[in-house]
Amino acid sequence: MPSATTVSVLVPVLDEAAHIEECIASLRAQDHPGVVEILVAEGGSTDGTVSILERLAAGAPPVRVVPNPHRNQSAGLNLLISLAAGDVVTRADAHTRYAADYVARSVAALEASGADLVGGPMLPEGSTPREAAIAAAMRSPVAVGRTAFRRSGASGEVDTVYLGTMRTETARRMRGYRRLPSGVAEDADLAFRIRRTGGRVVLDPSIRSSYRPRRRLRDLARQFFRYGRGKAEMLYLNGRFPSWRPLAPLLLVLGVGGTTLLGVTTGVWWPLVALAGAWLVTIGVGSVRSPRVPTTAAAIAIIHVAYGAGLLRGLVAGRRALSRIPAVGGAPPAGDATARHLDRHPQDGQSGE
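Remember, predicted model here, so these are calculated numbers, not experimental data. (Residues numbered from 1 in each chain as written. Predicted model: local features only at pLDDT ≥ 70, side-chain atom pairs only at ≥ 80, totals over all residues. Heavy atoms only, no water.)

J.: Can you walk me through the overall build of the protein chain in this structure?
T.: Of the regular secondary structure elements, the protein chain holds 13 helices and ten strands. Looking at the protein chain as a whole, 54% of its 353 residues are labelled buried. Total accessible area on the protein chain is roughly 15,000 Å²; 57% of this is exposed by carbon and sulfur atoms. (Helix = DSSP H or I, 4+ residues; strand = E, 2+ residues; numbered from the N terminus. Buried < 20%, exposed > 50% of the residue type's maximum accessible area, 1.4 Å probe, protein only. Areas by Shrake-Rupley, 256 points an atom, 1.4 Å probe, with all protein chains shown as cover.)

J.: Explain helix α10 (residues 247–266) here, please?
T.: Side chains of residues three or four places apart in an α-helix project in the same direction, reflecting 3.6 residues per turn. Between its first and last C-alpha atoms α10 spans 27 Å; for 20 residues at 1.5 Å apiece the expected length is 28 Å, and the two agree. Among all positions in α10, only Pro 249, Leu 250, Leu 252, Val 253, Gly 255, Thr 259 and Gly 263 are buried. In the core, the buried residues of α10 are packed alongside α11 (270–287) and α12 (293–317). One or two residues past the end of α10 sits Gly 267, with phi positive at roughly 80°. (Expected span 1.5 Å × (residues − 1). Contact = heavy atoms within 4.5 Å.)

J.: I'm lost on the environment of Asp 93 in this one. Help?
T.: Within the secondary structure layout, Asp 93 lies in the loop between β4 (88–91) and β5 (96–98). Overall, Asp 93 belongs to the buried group, its relative accessible area being 14%. Residues Asp 93 and Ile 20, 73 residues apart in the sequence, show an inter-C-alpha distance of 8.9 Å. Look past the residues within four positions of Asp 93 in its chain and what remains in contact with it is Cys 23, Tyr 98, Tyr 162, Leu 163 and Tyr 211. In this structure the side chain of Asp 93 is engaged in a polar contact, spanning 2.8 Å, whose partner is the backbone nitrogen of His 95. (Polar contact = N/O pair within 3.5 Å; in protein donor to acceptor, adjacent residues only side chain to side chain.)

J.: Honestly, the nonpolar core in this entry has me stumped. Any pointers?
T.: Ranked by internal contacts, the top residues of the largest apolar core, which has 73 residues, are Val 9, Val 11, Leu 27, Ile 38, Val 40, Met 138 and Phe 224. Per-element tally for this core: the top contributor is α12, with seven residues. Residues in contact with Phe 224, not counting those within four places in the same chain, are Met 138, Val 144, Ile 303, Ala 306 and Tyr 307. Ranked by size, the runner-up nonpolar core spans eight residues in total, among them Leu 180, Val 184, Ala 188 and Leu 237. (Core = buried A, V, L, I, M, F, W, Y, C linked by side-chain atoms within 4.5 Å.)

J.: What is the right way to look at helix α5 (residues 129–139) in this model?
T.: Taken together, the buried positions of α5 are Glu 131, Ala 133, Ile 134, Ala 135, Ala 136, Ala 137 and Met 138. Contacts from the buried residues of α5 go to α6 (141–144), β10 (209–211), α9 (217–238) and α12.

J.: Would you mind showing me how to read the packing of aromatic side chains here?
T.: The way to describe two aromatic rings as a pair is by their centre distance and the angle between their planes. One pass over the structure, following the stated rule, counts three aromatic pairs. Seen from their ring centres, Tyr 162 and Tyr 211 are 6.2 Å apart, and the 85° between their planes marks the pair as edge-to-face. Residue Tyr 162 is found in strand β8 (residues 162–167), and its partner Tyr 211 is found in strand β10; the two are separated by 49 residues along the sequence. Of the two residues, Tyr 162 and Tyr 211, both sit in the buried class. Their ring planes at 70° and their centres at 5.0 Å tell us that Phe 224 and Tyr 227 sit as a pair that is edge-to-face. Note that Phe 224 and Tyr 227 are positioned in helix α9 at a spacing of three residues, about one turn of the helix. Geometry around Tyr 177 places Arg 91 over its ring, the cationic atom sitting 5.7 Å from the centre. (Phe/Tyr/Trp six-rings, centres within 6.5 Å; stacked < 30°, edge-to-face > 60°. Lys NZ or Arg CZ within 6 Å of the ring centre and 35° of its normal.)

J.: Which parts of the structure should I look at to understand the pattern of salt bridges?
T.: When the charged atoms of two side chains with opposite charge come close together, those side chains can pair. Under the counting rule described, the total for this entry stands at 16 salt bridges. Among the ionic pairs, Glu 125 bridges to Arg 97, the shortest N-O distance being 3.9 Å. Of this pair, Glu 125 sits in the loop between β6 (117–120) and α5 while Arg 97 sits in strand β5; the two residues are 28 residues apart in sequence, bridging distant segments of the chain. Its relative accessible area of 27% is what places Arg 97 among the partly exposed residues. Arg 215 serves as the salt-bridge partner of Glu 131, at 3.0 Å between the closest nitrogen and oxygen. Here the residue Glu 131 occupies a position in helix α5, and Arg 215 occupies one in the loop between β10 and α9, the gap between them amounting to 84 residues. By relative accessible area, which is 1% here, Glu 131 ends up buried. Within this structure, Glu 22, Arg 97, Glu 125 and Arg 212 form a network of salt bridges that share partners. (Salt bridge = Lys/Arg side-chain N within 4 Å of Asp/Glu carboxyl O.)

J.: Is there a simple way to explain the pairing of strand β2 (residues 35–42) in this structure?
T.: Strand residues, when the strand is regular, have side chains that alternate between the two faces of the sheet. Within β2, seven of the eight residues are buried, which leaves it mostly tucked inside the rest of the structure. Pairing geometry for strand β1 (residues 7–13) and β2, over seven bridges, is parallel. Bridging from a neighbouring strand, Ser 8 pairs with Glu 37 of β2. Each parallel crossover has a hand, and the one from β1 via helix α1 (residues 20–28) to β2 is right-handed. When β2 meets strand β3 (residues 63–67), the two strands line up parallel, connected through five bridges. When the bridges of β3 are listed, Ala 41 appears paired with Val 66. With respect to chirality, the unit in which β2 leads through helix α2 (residues 49–56) into the neighbouring parallel β3 is right-handed. (Pairing = 2+ DSSP bridges. Right-handed = clockwise from strand over helix to strand, strands pointing away.)

Below, the structure written as structure tokens:
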């Protein structure tokens, strides 16, 4: 794949006024000569994101904004895939700043590996003391496990990657991203489907970016609750978890609930005390190197509980919540009625996660 391979960058956004300008600036600073467009699916933001995008529309490469009436980022990404002019599509996230060679490294990795999907690690970095503490939690194996894409030095074939780059024909052949009820896990689901059909997913640590974590602990809780629900949805859709890692926080939540019930009904509290003590020690190990130990410890605890509770909620909801999701693949982007409408009425130069 030559270096002049054309690339469309896809960015779904919703209420990203705090991050979108930095994101677009880093995408416009890419040194790959083939970036032909930055496509933004705007989900109806009310925080000023639209006006910022209007201001950023002019320039090179062009920022083309299209409305995403479904608001869901999977639907927005599928709209953008249907419109992409590049040979390759690179998914981007508004909460992330990209190294100048991000796209070039992604294209090079796609060529060198022959993989169907390539990407780099997810490396959280905070710009405030609280964000830095939350980022430390999100980098800790104690909080998020040993998932390859969360480790800066990992490489090779993996379950999934952060965001990802693939040939446009691959994205369309896989029928885009599935629109899961949780609104998350579409990346991991796509990677799973690619691998299940004989494709390869490759992690290259030279594909560098910096992820901005949530600013508040309650937002972190909502985020990881949704992540847990998303994993349950993947289980019902695909017949298995991508890995067994999600079971650890689920077992924690069930263990705390079970030992609490045991204490209330029998007066035997030592199992709960032992479990809580082991959990606190684990949290301490994960947060001891943080510059703000209390906040990082709280963030790790929230990640554990929220993820486990979300997974439990998704498992209880069962298959009924997924009744309209196809067993394999999502709706073909080009067949989406909204996509056909956008083809007839492009919104070049206007605002439009």
